[in-house]
Amino acid sequence: EHGLDRNEPMYARITAGIRKAILSGQLADNSRLPTNRELATLLKIDRSTVSRAYLELSQSGLIDSHVGRGTFVRPLAQRGASFRTSDGANEVSADSVLNWNEKFSESSRTSLDLISRQPAGTNQRDMISFAGGIPTEEFYPNDQFQRIVSQLLKSEHAAKMFGYSAADGSPYLRAQVKNHLQSHGIECGDDELLIVSGSQQGIDLVTNVLVDPGDLVVLEDPSYFWAICNFRARQAKCLPVSMDDDGIRLDLLESYLSGQKAKLLYVMPSFQNPTGATMSLPRRIALLELAKKYQVPILEDNFVGDLVYGDTPLPPLRSLPGGKDVVIHQGTFSKALCPGLRLGWLVAPPEVTARLLLAKRTSDLSTNSIAQIILAKYLEEGLYSKHLEHVRLSYRSRRDAMLAALSRRLSGRLADDDGAKLTWSRPDGGLFIWAKLAKGLSAREFLTFAEMQGVSFSPGDMFFLNGGHSEYFRLCFIQTEESIIEEGIERLGKAMRSYLQTVARSSLSEVSGGARERNNVLI
């Protein structure tokens, strides 16, 4: 650490030290760096700190990471332009290059720390991925959209498609969204509705309007990864509240709210991400009572409210008695239709909508006009309801296929010498199955074995506010057809057997090593 600022965070000191060694030639091209675990053990720090340093070095173009092979110094010829000159007077020294780490905002640093929790992707060609959460191309309404675009270009709507729309959304789309909301029991006036560029912008606008640095935001634990990133980037204090099968635990929530003032409560009552859990009707009603009692606004994220595979869906919080007073309701067409539209909505009290509209103007002026008008026409023709009938049947079949495959491939004893079991949820809608390994096992370690078998998933620790809970992982069932789901779960079963055998050998080795140490002491 010679020459490094000891007042800098540890990840920044690691980044600066390795960066200097690379640029000075002390670390040669293609040199292999220690793994996250090796360096963390050597420095006696958390692995996430090393991950954050390696992420910055990778984004700077100085190192490359390869799943299964390791992390290496990128050759000089493949680095960014700032580092390519290496001879004579044109050589760029480590000390003369701008230190961008000193320039980044605290918000950026916070986001980077969280994003480092995401596992590195893999380019393996035949990889079966259960990691994402978006519909596949086979369900995109290509033919209908092609026809609609052709018709619109010849209609009175053509001119409106290429100019700015109103900041609160195209009147054409707003009318259709109101009809859609009405079918879910939500009535809203013109001054209560805002069209937004997808649900992520909705979260960002609400945080912009309600949350100052240091304010308390309460949310389910686990929760949506990018919402956590947004709240943390706004420098909010995030308070995690555990869940059960019925949703967020109200006994814990009230104990927290009674002792401190919260600025916002973020929940996903229907088919929650990542757990797939649905909040019961009695709990929804009780949650509204708590919110009114402690004067906490609720942001209700209804991101997959249309993807129901069982009985009639439960009513949104906003539609229940008293909901209009405390709930900002958010929805999107991305998950049920196609993500590239980037269209959603916020419904809020008029005084809140006015502030949200101002925040949107400072963000992107207005939402994409072309996409709004195409979607409005699609909704007006009743095509969305027909589309939902189709995808609900398909996604329900895929959910059932994954649940059945899990029961066949991963139930009971998973190795001859252990009794480890895997448990999982059975969601009534949405996109995800939430799985839990036996105590003492790690989903991230399991993921390494899974990727060697050609299958991937999302480790659960990235969805918890403070990390941890390494035994959980998330499986998305909508992205692959039944036969591929079967193959993917079969690969997962093979990976599990390999993982458990490795864990068993490691445990046996530790026991043997301990015995040898004790014998040496006796001798």
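Enquirer: Looking at this model, I keep getting lost on the pairing of strand β11 (residues 327-332). Mind explaining?
Expert: Within a regular strand, the side chains alternate between the two sheet faces. Counting buried positions along β11 yields 6 of 6 residues, so the element is predominantly enclosed. Here β11 shows two buried faces, one formed by Val327, His329 and Gly331 and the other by Ile328, Gln330 and Thr332. Relative to β11, strand β10 (residues 298-302) runs parallel, the two sharing 5 bridges. Pairing of Asp301 across the sheet is with Gln330, part of β11.

Enquirer: Which parts of the structure should I look at to understand the packing of helix α2 (residues 36-43) against helix α3 (residues 47-59)?
Expert: The angle between the axes and the distance between the axes are what describe a pair of packed helices. Relative orientation of the contacting elements α2 and α3 amounts to 120°, with a least axis distance of 8 Å. It follows from the interaxial angle that α2 and α3 lie oblique. Regarding α2 and α3, the two cross each other, and that crossing is right-handed. Contact with α2, carried on its side by Asn36, Arg37, Leu39 and Ala40, involves Arg47, Val50, Ser51 and Tyr54 of α3 and no other residues of that element. Looking at the contact of α2 with α3 residue by residue, the class counts come to 4 nonpolar, 2 polar and 2 charged.

Enquirer: Before we go on, may I ask you to explain unusual backbone geometry in this structure?
Expert: Most of the time, phi is negative for any residue but glycine, and the peptide bond is trans. The amide bond that connects Asp221 to the next residue, Pro222, takes the cis arrangement and shows omega of 15°. When you line up the elements, Pro222 lands in the loop between β6 (216-221) and α9 (225-233). For the bond running from Asn273 to Pro274, omega is 20°, close enough to zero to count as cis. Within the secondary structure, Pro274 sits in the loop between β9 (264-267) and α11 (281-293). Residue Gln235 is not a glycine yet carries a positive backbone phi of 65°. Here Leu365, not a glycine, exhibits a phi torsion of approximately 65°, which is positive. Within the element layout of this structure, Leu365 appears in the loop between α13 (350-364) and α14 (369-380).

Enquirer: What should I look at first to understand the sheet that holds strand β12 (residues 344-347) in this one?
Expert: Think of a sheet as strands paired side by side through backbone hydrogen bonds, with each pair either parallel or antiparallel. Spatially, 8 strands are ordered β5-β12-β11-β10-β9-β6-β7-β8 in an open sheet, and the strand pairing comes out mixed. Taken across any chain shown, the strands that pair with only one partner, and hence form the sheet edges, are β5 (193-196) and β8 (247-248). Across the sheet, helix α8 (residues 199-210) touches β5, β9, β10, β11 and β12, and the angle it forms with β11 is around 155°. Contacting β5, β11 and β12, α13 runs over the sheet at an angle of about 25° to β5.

Enquirer: Please explain the environment of Ser105 as it appears in this structure.
Expert: Residue placement: Ser105 occurs in the loop between β3 (70-73) and α4 (106-115). Ser105 sits 128 residues away from Ala233 along the chain, and the two C-alpha atoms are 9.6 Å apart.

Enquirer: Whenever I open this one, the pairing of β6 confuses me. Can you help?
Expert: Within β6, 6 of the 6 residues are buried, leaving the element largely enclosed by the surrounding structure. Two strands pair when backbone bridges link them, and β6 and strand β7 (residues 237-244) are joined in this way by 6 bridges, in the parallel orientation. Among the inter-strand pairings, Val217 is bridged to a residue of β7, identified as Cys238. With α9 bridging β6 and its parallel neighbour β7, the resulting β-α-β unit is right-handed. For β6 and β9, the ladder comprises 3 bridges, and the chain directions are parallel.

Enquirer: Help me understand the sheet that holds strand β13 (residues 423-424), please; the structure alone is not making it clear to me.
Expert: Taken together, the 4 strands give an open sheet; going across it, the order is β13-β14-β17-β16, and neighbouring strands pair in antiparallel fashion. Both edges of this open sheet fall to β13 and β16 (458-459), since each of them pairs with a single strand only. Pairing geometry for β16 and strand β17 (residues 472-476), over 2 bridges, is antiparallel. Paired with Ser458 across the two strands is Arg474, which belongs to β17.

How each quantity is defined
Per chain, residues are indexed from 1 in the order of the written sequence. The predicted origin of the model limits local features to residues at a pLDDT of at least 70 and limits the giving and counting of side-chain atom pairs to 80 or more, whereas totals for whole chains, interfaces and linings rest on all residues. The basis for the side-chain values is all heavy atoms of the structure; hydrogens and waters are excluded. The cut-offs for exposure are 20% and 50% of the maximum accessible area for each residue type, with area from a 1.4 Å probe on protein chains only; residues under the lower value are buried, those over the upper are exposed, and the others partly exposed. A run of H or I in DSSP counts as a helix once it spans at least four residues, and a run of E counts as a strand once it spans at least two, with each numbered from the N terminus. Here, a strand pair is defined by DSSP locating no fewer than two bridges between the strands. Axis angles are defined between N-to-C directions and span 0 to 180 degrees, where every axis is a line fitted to C-alpha atoms and, for a helix, only to the segment in contact. Small angles under 35 degrees read as roughly parallel and large ones over 145 as roughly antiparallel, with 65 to 115 read as roughly perpendicular and the rest as oblique. Crossing handedness: left-handed means the near helix sits turned counterclockwise from the far one by under a right angle, and right-handed means the same turn made clockwise. Contact definition: two residues touch when any of their heavy atoms are within 4.5 Å. Residues were grouped as follows: Ala, Val, Leu, Ile, Met, Phe, Trp, Tyr, Cys and Pro as nonpolar; Asp, Glu, Lys and Arg as charged; and all remaining residues, including Gly, as polar. Here is how to tell: hold the view so the strands point away, follow the path from the first strand over the helix to the second, and if it runs clockwise the crossover is right-handed.

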